[in-house]
Amino acid sequence: MDHEKENNIKHFLDLIQKSRKGKFKVYIGMSAGVGKTFRMLQEAHTLLKNGIDVKIGYIETHNRKETHELLEGLPIIPRRTLFYKGKQLEEMDVQAIINLRPEVVIVDELAHTNIEGSKNEKRWQDVLEILEAGINVVSAVNIQHIESLNENVKRITNIDVQERIPDSVLKLADEVVNIDLTSEDLIARLKEGKIYTADKIPTALNNFFKSDQILQLRELALKEVASQVNRKVENEVPKNVTIKHEKLLACISSNDKIAKTIIRKTARLASYYNSKWYVLYVETPKESSDKIALDKQRHLINNFKLATQLGAEVIRMESKQITDAILEVVAQKQITTVCIGKPHLSLFKVILSTTVFNKLLNNLTSSNIDLVILS
């Protein structure tokens, strides 16, 4: 069988698999209180009126009056109750959803961490299971929970968000909708008590809900949705139309903080270009497993895990010459862009490293490969 026929069959199989899976729609917001849950419930009512079998799998109204009122008349799948550390708690009942097989299920709080002992650690994993069963899912998430935006959000708000979803989950969405509000409208909603109870309003105004912060978060949310749309356009361009496919290589060292930044920023680039990407760590003799400090080794493993979660393929090489190792991988994987961290060097080291850097730069330039230095 020739290669083209094989590709056509594979493409057809992909389409069949895709058509069997449920469709996935995600509402994105720049913060709590923009109206994601409200919008999902409005959508559920519209679907119901149009004869679609829609059910509520999990919704969090946060006791917001106008949101709570919208639950009226919507079929709700009861949550499962379980005991954890002596307390009775509730979680979404994934098995019940799959058994009932509604056409559409509404699942709030996509970044939620399930109670210990649940089948899946995270709610987004529950959602993937529901989609695999051929059920359509409408869900919602705030941008601070998107893994590769974590550092940006932390810089804007000084809050390190613990519950996060991998970017790859968002990539699976067939539709991403941004619920946009101006900072004035959002702050007005907060002051009117539509987001938090009265006792929490002053703290919220002094922390997360500052006008300049909201503006920056709003811009992040808009950019995120724009890049999702961009990717969708690229994915749906017929395969015979040639597009230059970017392949990115992030080069990391055992410096934990810089490595994390390089991984996250390269993930953003890869997400924007909808491209395959790799993370390369070159182990030099002075960092061999018997010489490297234990904490550094632990950080490295965590960074490899982070890279994998964000969709990268991790490459680990042993070499005395870092530049040669990078160039070898560039050739082997047909890399189009190399991403490195900004060197933190003393003058003496700069003089020593200039030749290494020049070698890398000259080789990449002659091969028409971009070099990105991430700060």
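Residues numbered from 1 in each chain as written. Predicted model: local features only at pLDDT ≥ 70, side-chain atom pairs only at ≥ 80, totals over all residues. Heavy atoms only, no water.

**Q** Before we move on, could you go through the overall build of the chain and cite the residues and values that matter?
**A** Across its full length, the chain holds 14 helices and 12 strands. Out of the 375 residues belonging to the chain, those deemed buried represent 44%. Contacts in the chain between residues at least 24 apart in sequence constitute 72% of all its contacts with a sequence separation of at least 6. Surface summary for the chain: the accessible area is close to 20800 Å², and the carbon and sulfur share equals 53%. (Helix = DSSP H or I, 4+ residues; strand = E, 2+ residues; numbered from the N terminus. Buried < 20%, exposed > 50% of the residue type's maximum accessible area, 1.4 Å probe, protein only. Contact = heavy atoms within 4.5 Å. Areas by Shrake-Rupley, 256 points an atom, 1.4 Å probe, with all protein chains shown as cover.)

**Q** Outline the pattern of salt bridges, supporting the account with residue identities and numerical values.
**A** Here the structure, examined in full by the defined rule, presents 22 salt bridges. A salt bridge links Glu-90 to Arg-79, with the nearest nitrogen and oxygen atoms 3.5 Å apart. In this pair, Glu-90 sits in strand β4 (residues 87–91) while Arg-79 sits in the loop between α3 (65–69) and β3 (80–84), placing the two residues 11 residues apart along the sequence. A residue is classified by how much of its surface remains accessible, and Arg-79, at 28% relative accessible area, is partly exposed. What emerges from the salt-bridge pattern is a single network uniting Glu-147, Glu-151, Lys-154, Asp-160, Arg-164 and Arg-264. (Salt bridge = Lys/Arg side-chain N within 4 Å of Asp/Glu carboxyl O.)

**Q** Could you give an account of the packing of aromatic side chains, naming the residues involved and the relevant values?
**A** The tally for this structure, following the rule as stated, stands at 1 aromatic pair. Where Tyr-281 meets Phe-304, the ring centres are 6.1 Å apart and the plane angle is 55°; that geometry is what we call tilted. Highlighted residues: Tyr-281 in strand β9 (residues 276–283) and Phe-304 in helix α12 (residues 294–309), separated in sequence by 23 residues. Over the ring of Tyr-58 we find Arg-79; its NZ or CZ atom is 3.9 Å from the centre of that ring. Between the NZ or CZ atom of Arg-123 and the centre of the ring of Tyr-58, over which it lies, the distance is 3.8 Å. (Phe/Tyr/Trp six-rings, centres within 6.5 Å; stacked < 30°, edge-to-face > 60°. Lys NZ or Arg CZ within 6 Å of the ring centre and 35° of its normal.)

**Q** Can you explain the sheet that holds strand β12 (residues 370–374)? Please cite residues and give values.
**A** Read from one edge of the open sheet, 5 strands run β10-β9-β8-β11-β12, paired in parallel fashion. Edge positions in the sheet fall to β10 (313–318) and β12, since each has one partner strand and no second. In this sheet, neighbouring strand axes are inclined to one another by 25° on average, regardless of whether the strands run parallel or antiparallel. Bridge analysis of strand β8 (residues 247–252) against β9 gives 6 bridges, and the strand direction is parallel. Bridging from a neighbouring strand, Ala-250 pairs with Val-279 of β9. (Pairing = 2+ DSSP bridges. Axes fitted to C-alpha atoms, helices over the stretch in contact; angles between N-to-C directions.)

**Q** Help me get a handle on the nonpolar core, residues and values and all.
**A** When a protein is soluble and globular, its nonpolar side chains tend to lie buried together. Counting residues in each nonpolar core, the largest one holds 63 residues, and the members touching the most others are Phe-24 and Ile-28. It is helix α10 (residues 211–236) that provides the largest number of residues to this core, a total of 5 residues. Not counting residues up to four positions away in its chain, the partners in contact with Phe-24 are Leu-110, Val-127, Leu-131, Val-137, Ser-139, Val-169, Leu-172, Ala-173, Asp-174 and Glu-175. Of all hydrophobic cores here, the second largest spans 20 residues; its members include Tyr-281, Leu-300, Ala-307 and Ala-312. (Core = buried A, V, L, I, M, F, W, Y, C linked by side-chain atoms within 4.5 Å.)

**Q** Which residues make up the side chain of Asp-126, and what values go with them?
**A** When you line up the elements, Asp-126 lands in helix α5 (residues 123–132). Comment: no salt bridge for buried Asp-126; closest opposite-charge side chain is Arg-123, at 5.0 Å. When residues no more than four places from it in sequence are discounted, the contact partners of Asp-126 are Met-92, Val-94, Asn-114 and Asn-120. (Lys, Arg positive; Asp, Glu negative; His and termini not counted.)

**Q** An account of helix α13 (residues 322–333) is needed here, citing residue identities and associated values.
**A** Compared with the 16 Å implied by 1.5 Å per residue over 12 residues, the 17 Å span of α13 between its first and last C-alpha is a close match. Among the residues of α13, Thr-323, Ala-325, Ile-326, Leu-327, Val-329 and Val-330 are the ones counted as buried. Looking one or two places after α13, you find Gln-334, whose phi comes out positive at around 55°. (Expected span 1.5 Å × (residues − 1).)

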